[in-house]
Amino acid sequence: MKKVMLGLIIMVVSFMMSGCKKPKLEKITIAEVTHSVFYAPQYVAISQGFFKEVGLEVELVNAGGADKVMAALLSGDVDIGFSGPEATIYVYNNGEENYMVNFAQVTKRDGSFIVGRSKNDDFKLTDLKGKSILGGRSGGMPLMNLEYVLKEAGLSVGRDTPGSDVLVRTDIQFNAMAGAFVQGEADFTTLFEPTALGLEKEGKGYVLTSVGKYSPEVPFTSYYVTKDYLSKNSELLQKFTNALYKAQKFVMEKSDEEVAKAIHSFFSETSLADLTEVIKRYREADVWCETPYFKEEGLNRLMDIMIEASELDKRPKFTDIVDNRFAEEAIK
């Protein structure tokens, strides 16, 4: 009898323990174009457990450039790409059958800052006249948008060619621009945060202005997947977008310090005070989207900039490279 009772107890305890087990999380890998506070909503969604709440475990891979993000996605090494949507336009126009589809927008303005070698509290874009600046990779949105705002300021731009008002250099890799600037390359550079603030703290550069301050509203950074992945994983992408939207609302509603605390683990080398200052800079530049909804007028404006930069000769149809149904459902 004792053996029977013991067996029953073991069975009940085993059943209770199995019932307490957490459901297994579905793992997804994201290739981010770079690691920056500019992407605060993404880190909030991870740190605050919003992805886990919907059953997702997210792994981040820093690809170091939109071209490398695209390569990782096309090879199947990652599930989701995160960069400027210009990369998806290039792939579509190149005739790739399994092209990319944007499903959630995160930023709506340029997130880079102009860094100089001396402090200038009265800096104007026209101060770049006769100077050189590191602008990033040819075909990348940071470079094209920089050239756009310089032209809007009445300056002529020479890409890697002296003779214009501003020499914009594209010969330095995106992730190497800060180091190249410190080593004496160019008079100015553009950098994302917290890299720009890091140079300031070291006394090796000074943040002069936000490029986003001068730029129009465009879909500067978005999430995208291959057409095949989209067709097979709609439920997963809906969960992902739901969690992202919750993080976007967090960033919009919380204070700069609260957002900084939420993402500090991703930028542990930066003090909380400095991280709060960076959040403030980005908020003042109005870079973050309030929802994941991808606006058609923004994409048209982005393609205008690409055409102006001689990087685009054919506009893809909006509904071919953007699917807003996940964003629309999340917002509901």
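A few words now on empty space enclosed by the protein. Considering all chains together, one arrives at 1 cavity of 30 Å³ or more under this definition. In this structure, the largest cavity occupies an estimated 190 Å³ of space. Val 33, Ala 66, Glu 86, Pro 142 and Phe 174 are the residues nearest the centre of the largest cavity, which is lined by 18 residues in total. Top element by residues in the lining of the largest cavity is helix H6 (residues 141-152). It accounts for 3 residues. Across the lining of the largest cavity, the residue classes tally to 9 nonpolar, 7 polar and 2 charged.

The next point concerns the sheet that holds strand E5 (residues 113-116). Strand order in the open sheet made by the 6 strands is E7-E8-E6-E9-E5-E10, with mixed pairing throughout. Edge positions in the open sheet fall to strand E7 (157-159) and strand E10 (206-210), since each of these has one partner strand only. The sheet shows a mean angle of 30° between the axes of neighbouring strands, direction not considered.

Now for the sheet that holds strand E3 (residues 80-83). The strand order E2-E1-E3-E11-E4 describes an open sheet built from 5 strands, whose pairing is mixed. Of all the strands in the sheet, just strand E2 (56-62) and strand E4 (100-107) have a single pairing partner and so form its edges. Shown here is a sheet whose adjacent strand axes are inclined to one another by a mean of 25°, direction ignored. Each of E3, E4 and strand E11 (221-226) is contacted by helix H5 (residues 86-93), which is oriented at about 165° to E4, the strand it contacts most.

Attention now moves to the pairing of strand E9 (residues 188-191). Side-chain alternation along E9 places Phe 188 and Thr 190 on one buried face and Thr 189 and Leu 191 on a second face that is also buried. Bridge analysis of E5 against E9 gives 3 bridges, and the strand direction is antiparallel. Looking at the pairing, Val 115 lines up with Thr 189 of E9.

Attention shifts here to the nonpolar core. Tyr 223 and Ile 263 are the most contacted members of the largest nonpolar core, which has 89 residues in total. Counting residues per element, this core draws most heavily on helix H10 (residues 234-253), which supplies 8 residues. Not counting residues up to four positions away in its chain, the partners in contact with Ile 263 are Val 37, Ala 40, Tyr 43, Val 44, Leu 275 and Ile 279. Judged by nonpolar contacts, the second largest core, of 16 residues, contains Leu 125, Val 157, Val 166 and Phe 188.

What follows covers helix H13 (residues 296-308). Compared with the 18 Å implied by 1.5 Å per residue over 13 residues, the 18 Å span of H13 between its first and last C-alpha is a close match. All of the buried residues in H13 are Gly 298, Leu 299, Leu 302, Met 303, Ile 305 and Met 306. Down the axis of H13, the smallest arc covering the buried residues is 155°, so these residues share one side. Taken from the residues just after H13, Ser 310 is the one with a positive phi, measuring 60°.

Mean pLDDT over the protein chain stands at 91; residues scoring 70 or higher make up 93%. Every residue in residues 1-18 is under pLDDT 50, and counting partners more than four places away or in other chains gives 0 contacts.

Turning our eyes to something else, we now look at the environment of Gly 154. Its place among the elements puts Gly 154 in the loop between H6 and E7. Residues Gly 154 and Gly 298 lie 144 residues apart in sequence; the distance between their C-alpha atoms is 23 Å.

The final tally for this structure, using the stated rule, is 24 salt bridges. Between Arg 281 and Glu 200 there is a salt bridge, and its shortest N-O distance comes to 2.9 Å. Taken together, the residues Arg 281 in helix H12 (residues 272-284) and Glu 200 in helix H8 (residues 195-201) connect sequence positions 81 residues apart. Accessibility expressed as a relative area gives 23% for Glu 200, which makes it partly exposed.

For the structure shown, the criterion picks out 19 aromatic pairs. Cation over ring: Arg 117 sits above Phe 181, and NZ or CZ is 3.9 Å from the ring centre.

About the criteria used
Residues numbered from 1 in each chain as written. Predicted model: local features only at pLDDT ≥ 70, side-chain atom pairs only at ≥ 80, totals over all residues. Heavy atoms only, no water. 1 Å grid on protein atoms, 1.4 Å probe; cavity = no way out; pocket = protein on both sides within 12 Å on 5 of 7 lines; lining within 4 Å. Points joined across faces, edges and corners; volume = space filled by probe spheres on them. Helix = DSSP H or I, 4+ residues; strand = E, 2+ residues; numbered from the N terminus. Nonpolar A, V, L, I, M, F, W, Y, C, P; charged D, E, K, R; others polar. Pairing = 2+ DSSP bridges. Axes fitted to C-alpha atoms, helices over the stretch in contact; angles between N-to-C directions. Contact = heavy atoms within 4.5 Å. Buried < 20%, exposed > 50% of the residue type's maximum accessible area, 1.4 Å probe, protein only. Core = buried A, V, L, I, M, F, W, Y, C linked by side-chain atoms within 4.5 Å. Expected span 1.5 Å × (residues − 1). Arc of directions from axis to C-beta. pLDDT = per-residue confidence, 0-100. Salt bridge = Lys/Arg side-chain N within 4 Å of Asp/Glu carboxyl O. Phe/Tyr/Trp six-rings, centres within 6.5 Å; stacked < 30°, edge-to-face > 60°. Lys NZ or Arg CZ within 6 Å of the ring centre and 35° of its normal.

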